[in-house]
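# Secondary and tertiary structure notes
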Amino acid sequence: MILTVTPNIALDITYRVDQLTPGSSHRVRRVEERAGGKGVNVAGVLRALGHDTVVLGFVGGATAGTVTSDLARGGLAHELIAVEGPTRRSIAVVDSSNGEATLFNEAGPRVPATSWDDLETRLAARLPRATALVVSGSLPPGSDDAACARLVRLAAAHRVTVLVDTVGPALLQAAAAGADIVKPNAGELLDTIGVSDVAAAATELRRRGAKAVVVSLGAAGMAAFTPEGSWRAAPPTRLAGNPTGSGDAAAAALIAGAVAGAPWPDRLRDAVALSAAAVLQPTAGIVDLRDYHRFAPQILVEERHALGLDR
Ligand SMILES: Nc1ncnc2c1ncn2[C@@H]1O[C@H](COP(=O)(O)OP(=O)(O)OP(=O)(O)O)[C@@H](O)[C@H]1O
Ligand SMILES: [Mg+2]
């Protein structure tokens, strides 16, 4: 059982229009509504890989019902804590003439400390039967920057492997709490540490306490900095598609690899293959495993030391 926490769950709404023209009125050709947020996407990919998962997070208002029924429809078990404000909507307007998406992301409801306490209590009840925990996405308004770090400590107390994918002070505190794996993308990592070199920033995050740092580099692939060594892997080619959620597929592969006790180069190969499969899907949180199996043997994993990339 792999638990995923999504602190700021969303209702992802996609509008399809013939052509998007700011300042004009549009006929919406199709509307899709799905449960979203990074941890939800991770759970979707883990489920495709055959893992049991439980989605934890906060929901509220009229949008909460749509989120919970979509999770149920997708077969994703969930335990959601009710908060007062409405679950945020994340609206993508897709222009059918060129496939381009324009996004509008709401901030999300305020989550008071008492609701975070409630989440910790429920997580503590589930951790004895869990193999891993993923905490993914930004913190909703009103949250303490230490919230992710508290979940990391809770998982560690139960000897459960934890992966954190977040940014800024919450990422720094999760690292300091000893997160087993953190997976920022390059921009997030560099902004958080305030330097311009990925290897230097990852090394600094490890110095602060993160056991392993996996940095996703968009179409260039991924670099892993771990106690066993450092590796880099790239997809066989730059794919055209929807990269939103590809980082979440990577997180799913990394935690699945950790649960299996796989060697780091294998985890990295799987993460690159699975995130490439995610790029081919128009919807975040969905992968076709046939794509993953097709890509995996084509991925070259190189040791950074051998490349002279480590200092
Ligand atoms: N165009 C692409 N072609 C092939 N693989 C890609 C492409 N874009 C991304 N990937 C793969 O997906 C991984 C994650 O992408 P990226 O670094 O953009 O993550 P991210 O910004 O965290 O994504 P998100 O948070 O939206 O899920 C990359 O490390 C890479 O392996
Ligand atoms: Mg990401």
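You'll find the structure just up there.
Residues numbered from 1 in each chain as written. Chains lettered and ligands numbered in written order. Predicted model: local features only at pLDDT ≥ 70, side-chain atom pairs only at ≥ 80, totals over all residues. Heavy atoms only, no water.

## Some thoughts on a nonpolar patch on the surface
A cluster of nonpolar side chains, Tyr 15, Val 28 and Val 31, forms an exposed patch at the surface whose accessible area comes to about 230 Å². Mapped onto the secondary structure, Tyr 15 falls in strand E2 (residues 10–17). (Patch = residues over 30% accessible without salt bridge, like charges linked within 9 Å, V, L, I, M, F, W, Y side chains within 5 Å. Areas by Shrake-Rupley, 256 points an atom, 1.4 Å probe, with all protein chains shown as cover. Salt bridge = Lys/Arg side-chain N within 4 Å of Asp/Glu carboxyl O. Helix = DSSP H or I, 4+ residues; strand = E, 2+ residues; numbered from the N terminus.)

## Comments concerning the site of ligand 1
Around ligand 1, the surrounding shell holds 21 residues, and the nearest of these are Lys 38, Asn 185, Ser 216, Gly 221 and Gly 247. Within the backbone of Gly 247, an N or O atom sits 2.8 Å from an oxygen atom of ligand 1. Ser 275 places a side-chain nitrogen or oxygen 3.1 Å from an oxygen atom of ligand 1. A total of 640 Å² of accessible area belongs to ligand 1 in isolation, and the protein chains cover 89% of it. The cavity where ligand 1 resides is the second largest pocket. Those elements giving two or more residues to the shell around ligand 1 turn out to be helix H8 (246–260) and helix H9 (264–279). (Near = heavy atom within 4 Å. Polar contact = N/O pair within 3.5 Å; in protein donor to acceptor, adjacent residues only side chain to side chain. 1 Å grid on protein atoms, 1.4 Å probe; cavity = no way out; pocket = protein on both sides within 12 Å on 5 of 7 lines; lining within 4 Å. Sits in = over half its atoms within 2 Å of the grid points.)

## As for the packing of helix H4 (residues 147–157) against helix H5 (residues 168–176)
Orientation of H4 relative to H5, taken along the N-to-C sense of each, is 25°, at an axis distance of 7 Å. As far as their axial angle goes, H5 and H4 are roughly parallel. The handedness of the crossing between H4 and H5 is right-handed. Taking contact as the criterion, the partners of Cys 148, Ala 149 and Val 152 in H4 are, on H5, Ala 170, Gln 173 and Ala 174. Its residues assigned to classes, the contact of H4 with H5 comprises five nonpolar, one polar and no charged. (Axes fitted to C-alpha atoms, helices over the stretch in contact; angles between N-to-C directions. Parallel < 35°, antiparallel > 145°, perpendicular 65-115°, else oblique. Left-handed = near helix turned anticlockwise from the far one by under 90°. Contact = heavy atoms within 4.5 Å. Nonpolar A, V, L, I, M, F, W, Y, C, P; charged D, E, K, R; others polar.)

## Overview of the packing of aromatic side chains
Under the counting rule described, the total for this entry stands at one aromatic pair. Each ring, one from Phe 58 and one from Trp 116, has its centre 5.0 Å from the other, and the planes form 70°; the classification is edge-to-face. Of this pair, Phe 58 sits in strand E4 (residues 53–59) while Trp 116 sits in helix H3 (residues 113–126), and the two are 58 residues apart along the sequence. Since its relative accessible area comes to 2%, Phe 58 is described here as buried. Over the ring of Trp 264 we find Arg 267, and its NZ or CZ is 4.4 Å from the ring centre. The ring of Phe 295 is capped by Arg 294, whose NZ or CZ atom sits 4.7 Å from the centre of that ring. (Phe/Tyr/Trp six-rings, centres within 6.5 Å; stacked < 30°, edge-to-face > 60°. Buried < 20%, exposed > 50% of the residue type's maximum accessible area, 1.4 Å probe, protein only. Lys NZ or Arg CZ within 6 Å of the ring centre and 35° of its normal.)

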